[in-house]
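# Commentary on secondary and tertiary structure
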Amino acid sequence: MPVVEPFVRTEHCPDLPPPRGQTGIVHWIRVNLFSSPFNAVLTIASLYLVYVTVVPLFTWGVLNADWTSPNNLDRACQSEGGACWSFIIVRFNQFMYGFYPHEARWRVDTAFAILVISLAALMIERVPYKKYIGLFVIVIYPFLAYFLFLGGGVLEEVDTGQWGGLFLTLVLAVVPIAVSLPFGTLLALGRRSEMPIIRSVCICLIELPRGVPLITVLFMSSVVLPLFLPPGTYFDKVLRVLVGMSFFAAAYMAETVRGGLQAIPRGQYEAAQAMGLSYWKMMGLVILPQALKIMIPGIVSSFIGLFKDTTLVVVVGLLDMLNVITAATAHSNWLGTNIEGYVFAAFVYWVFCFSMSRYSIYLEHKLHTSH
Amino acid sequence: MANPDIQPSGASGVSEDAAIQIIGMHKWYGDFHVLKDIDLTVYRGERIVICGPSGSGKSTLIRCINRLEEHQQGQIIVENIELTNDLKGIDAIRREVGMVFQHFNLFPHLTVLENLTLAPIWVRKVAKAEAEEMAMEYLERVKIPEQALKFPGQLSGGQQQRVAIARSLCMNPRIMLFDEPTSALDPEMISEVLDVMVSLAESGMTMLCVTHEMGFARKIANRVMFMDEGEIIEQNEPEEFFNNPKSERTKLFLSQILSH
């Protein structure tokens, strides 16, 4: 039998700094990049790969590139081995607005400026009167934007056939995004309802759009739908596409929301019920705020997906930004500029999607209250 | 029925003094008969401790009282309102009955203060400032006013359960239901929660507690009830119940929980 040696600590052991070489940049490099011979080889190989790809790209895109905006288009971009950004510079306005009349473009700028300022005000914590700003964005802004974009009354009317470029892309993305969240939430709640009729209707509305590709939905809404409508009825093409995309987005959103709802423990529902909260108050005050927090990555993924899916409207003949650029590269003055066009398009899409992604990460951190 | 109801002097049958009356109540989960012929009258100001092995239906019984579970047969009358499918009646009862859960069930996205003021503001339509003032009073009463602006996730289990009790009290309930309030707590935190419950009992609150804290039962209960397999097996005054149990099943249960 081992003898138990009685022990009592009499002095407090002070907190000591960690040994040298356990912190700092050298330590980080050693641990993360050169922790084993294999990792060291990988690190060096990766550095080489970065070197052989980035250097030519930089040379093509910056050093040898042509940034001028020539008056004589025949002279543009004569230099070899460099990107022809003149193409982007000259056509920039068209990529932004499509064929929206020049003198009316301030209306598009105004509408987006108002939206960006209001959203920024909502996102920045210090700004007061958030309730009123939110009400403005939800209730008044859609009508204001509709009026500014389409015109009528004091403003000159602009047919949606002239819409295009990034402007059209943003309209096609923002409207379904804004519509899909509330409708998706309602569909998700309906799918979990105990009332059989509401549940079946919601399941149909979710599963039908989800079961077909977006491109089919777009075809249906623009080509097939008019066949079933009485002759003479005319729906605007952009409107039809917006309705189709909103349906599609709401169906996907519903499943994202349902996933979030299922992650909320039963105890939260029970506590809310025991306190006497009605169904809608329980959902609005207790369940959905928690579920939405869990769902942020999923929601933002759908938003990003939706934003990029707007390029599919080429099949119904709408000229969103990517399609305007593609069309412009076919012009005889700019033959051979596809790469520049696509790089520019990719950059714009990336900036928007990456911003959404960063904001979602920020939001997750802000809402993270359970430690 | 062989249930020896212990009644305050003069009370019998349908009573004005009854806070809760359960008459011939049955409940099934599918084919499983979980509560069998429950008869129980709880008088105003009475404090009842319900014990029994797990799966005996004791939690289900108190969850029927505020309709977190639905009963299929018999009557449940709470504060003179019978529980039926009528939503207004259910809401009225839930306003009068507070409940404390084993796992606290605080709302993690709200601060402690917001947890306390949510129901008063949205159900009782109390003004925000007034609700906050009341919430702070109850936080004083459970001895954690300094935690008001923290989130539940930053508190210890014992503190969370005390917040949960304060949250129920903010609705000014006439009846409090406790569903194993100390079972999820570390041993050193049990007493701080029991202290709050004892002071609540001393203030005259009608309480139904499902708990295995027998010391607590001896101290505050008017009546201790033992349930097994969905039936009320025995109920008595605490002294008699613990010192002189009548039923074999009660004796076996008490010997198991008191042996160590």
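Residues numbered from 1 in each chain as written. Chains lettered and ligands numbered in written order. Predicted model: local features only at pLDDT ≥ 70, side-chain atom pairs only at ≥ 80, totals over all residues. Heavy atoms only, no water.

Let us now look at the overall build of chain B. Scanning chain B for helices and strands turns up nine helices and 10 strands. Over its C-alpha trace chain B gives a radius of gyration of 18 Å, about what one expects of a compact globule, namely 18 Å for 260 residues. For chain B, the share of sequence-separated contacts (at least 6 apart) that also reach a separation of at least 24 residues comes to 66%. For chain B, the accessible area works out to roughly 11,200 Å², and carbon and sulfur atoms hold 49% of it. Across chain B, the 25 positively charged side chains and the 37 negatively charged ones have centroids separated by 3 Å. (Helix = DSSP H or I, 4+ residues; strand = E, 2+ residues; numbered from the N terminus. Rg over C-alpha atoms; globule rule 2.2 N^0.38 Å. Contact = heavy atoms within 4.5 Å. Areas by Shrake-Rupley, 256 points an atom, 1.4 Å probe, with all protein chains shown as cover. Lys, Arg positive; Asp, Glu negative; His and termini not counted. Charge placed at Lys NZ, Arg CZ, Asp CG, Glu CD.)

Empty space within the second largest pocket amounts to approximately 1,300 Å³. Contributing to the lining of the second largest pocket are 30 residues, with Arg192, Glu194, Gln273, Tyr279 and Met282 of chain A lying nearest its centre. When contributions to the lining of the second largest pocket are tallied by element, the ones reaching two or more residues are α6 (165-191), α7 (196-210), α10 (266-274) and α11 (279-309) of chain A together with α2 (87-96) of chain B. For the lining of the second largest pocket, a count of residues per class yields 16 nonpolar, five polar and nine charged. (1 Å grid on protein atoms, 1.4 Å probe; cavity = no way out; pocket = protein on both sides within 12 Å on 5 of 7 lines; lining within 4 Å. Points joined across faces, edges and corners; volume = space filled by probe spheres on them. Nonpolar A, V, L, I, M, F, W, Y, C, P; charged D, E, K, R; others polar.)

What follows is about the packing of α6 of chain A against helix α9 (residues 237-262) of chain A. In a pair of packed helices, the angle between the axes and the distance between the axes together describe the arrangement. All names here are of chain A. Two elements in contact, α6 and α9, have axes whose closest approach is 5 Å; the angle formed by their N-to-C orientations is 45°. Taken together, the axes of α6 and α9 lie oblique to each other. Crossing handedness for the pair α6 and α9: right-handed. Considered class by class, the residues forming the contact of α6 with α9 number 21 nonpolar, four polar and three charged. (Axes fitted to C-alpha atoms, helices over the stretch in contact; angles between N-to-C directions. Parallel < 35°, antiparallel > 145°, perpendicular 65-115°, else oblique. Left-handed = near helix turned anticlockwise from the far one by under 90°.)

Listed per partner, the contact involves 18 residues of chain A and 25 residues of chain B. Both faces combined, the contact of chain A with chain B buries some 1,900 Å², and carbon together with sulfur accounts for 63% of it. Inspection of the chain A/chain B interface yields one salt bridge. Counting across the chain A and chain B interface gives five residue pairs in polar contact (both at pLDDT 80 or more). At the level of secondary structure, the elements contributing two or more residues to the side of chain A that touches chain B comprise α10 and α11 of chain A. Looking at which element gives the most residues to the side of chain A that touches chain B, the answer is α10 of chain A, with eight residues. In terms of residue class, the side of chain A that touches chain B is made up of eight nonpolar, seven polar and three charged. (Buried area = accessible area lost by both parts, 1.4 Å probe. Salt bridge = Lys/Arg side-chain N within 4 Å of Asp/Glu carboxyl O. Polar contact = N/O pair within 3.5 Å; in protein donor to acceptor, adjacent residues only side chain to side chain.)

All names here are of chain B. Inspection of the secondary structure puts Gly24 in strand β1 (residues 18-29). In sequence terms Gly24 and Gln73 are 49 residues apart; their C-alpha atoms lie 7.3 Å from each other. Those residues in contact with Gly24 that lie beyond four places of it in its chain are Asp37, Ile38, Asp39, Gln73 and Gly74.

A word on helix α3 (residues 112-122) of chain B. Burial within α3 of chain B is extensive, with eight of its 11 residues counted as buried. Of all the residues in α3 of chain B, the buried ones are Val112, Leu113, Asn115, Leu116, Thr117, Leu118, Ala119 and Pro120 of chain B. The inward-facing, buried residues of α3 of chain B abut α11 of chain A together with α4 (128-141) and α5 (157-169) of chain B. (Buried < 20%, exposed > 50% of the residue type's maximum accessible area, 1.4 Å probe, protein only.)

This part takes up the sheet that holds strand β10 (residues 231-236) of chain B. Residues and elements named next belong to chain B. Across the sheet, six strands lie side by side as β6-β7-β8-β3-β9-β10; this open sheet has mixed pairing. Bordering the open sheet on either side are β6 (97-100) and β10, each of which pairs with just one other strand. Strand-to-strand, the axes of this sheet are offset by a mean angle of 20°, without reference to chain direction. Strand direction decides the pairing type here: strand β3 (residues 47-51) and strand β9 (residues 223-228), joined by four bridges, are parallel. From the neighbouring strand, Ile50 faces β9, where its bridge partner is Met225. The strands touched by helix α1 (residues 58-65) within the sheet are β3, β6, β7 (175-179), β8 (206-210) and β9, with β7 carrying the most contacts at an inclination of about 150°. (Pairing = 2+ DSSP bridges.)

Residues and elements named next belong to chain B. Direction vectors running N to C along α3 and α5 enclose 25°, while the axes themselves pass 8 Å from each other. Compared by their axis directions, α3 and α5 come out roughly parallel. In terms of crossing hand, the pair formed by α3 and α5 is right-handed. Contacts from Val112, Asn115 and Leu116 of α3 reach α5 at Val163, Ala166 and Arg167. Residues belonging to the contact of α3 with α5 are distributed by class as follows: four nonpolar, one polar and one charged.

On to the sheet that holds β1 of chain B. Residue and element names in this part refer to chain B. Spatially, four strands are ordered β2-β1-β4-β5 in an open sheet, and the strand pairing comes out antiparallel. The open sheet has two edge strands, β2 (32-43) and β5 (81-82), and neither has a second partner. As defined by bridge partners, strand β4 (residues 73-78) adjoins β5 across two bridges and the pair is classed as antiparallel. If you follow Ile77 over to β5, its bridge partner there is Glu82.

Along its sequence, chain A is carved into domain 1 (24-63) and domain 2 (158-322). In this structure, domain 1 of chain A and domain 2 of chain A have C-alpha centres spaced 43 Å apart. (Domains from an automatic or database assignment.)

What follows is about empty space enclosed by the protein. Following the criterion strictly, the structure yields two cavities of 30 Å³ or more and no others. The calculated volume of the largest cavity comes to roughly 100 Å³. The wall of the largest cavity is formed by 14 residues, among which Ala274 and Met275 of chain A together with Gly98, Met99 and Ser168 of chain B lie closest to the centre. Where the lining of the largest cavity is concerned, the elements lending two or more residues are α10 of chain A together with α2, β6 and α5 of chain B. Split by residue class, the lining of the largest cavity holds eight nonpolar, two polar and four charged. Quantified by volume, the second largest cavity comes out at close to 30 Å³.

Let's shift gears to the pattern of salt bridges. In total, this model carries 21 salt bridges over all chains according to the counting rule given. A salt bridge links Arg258 of chain A to Glu255 of chain A, with the nearest nitrogen and oxygen atoms 3.0 Å apart. In this pair, Arg258 of chain A and Glu255 of chain A both sit in helix α9, three residues apart, roughly one turn of the helix. Taking relative accessible area as the criterion, Arg258 of chain A reaches 22% and is therefore assigned partly exposed. The exposure class of Glu255 of chain A is buried, given its relative accessible area of 16%. For the salt bridge of Arg249 of chain B with Glu231 of chain B, the shortest nitrogen-to-oxygen distance reads 3.5 Å. Of this pair, Arg249 of chain B sits in helix α9 (residues 248-258) while Glu231 of chain B is found in strand β10, placing the two residues 18 residues apart along the sequence.

Moving on: the pairing of β2 of chain B. The side chains of a regular strand alternate, residue by residue, between the two faces of the sheet. Residues and elements named next belong to chain B. Sheet analysis places β1 next to β2, joined by eight bridges and oriented antiparallel. Of the residues in β2, the one forming a bridge with Ala18 is Tyr43. Between β1 and β2, which pair antiparallel in sequence order, lie two residues; one of them, Gly30, sits at a positive phi of approximately 60°.

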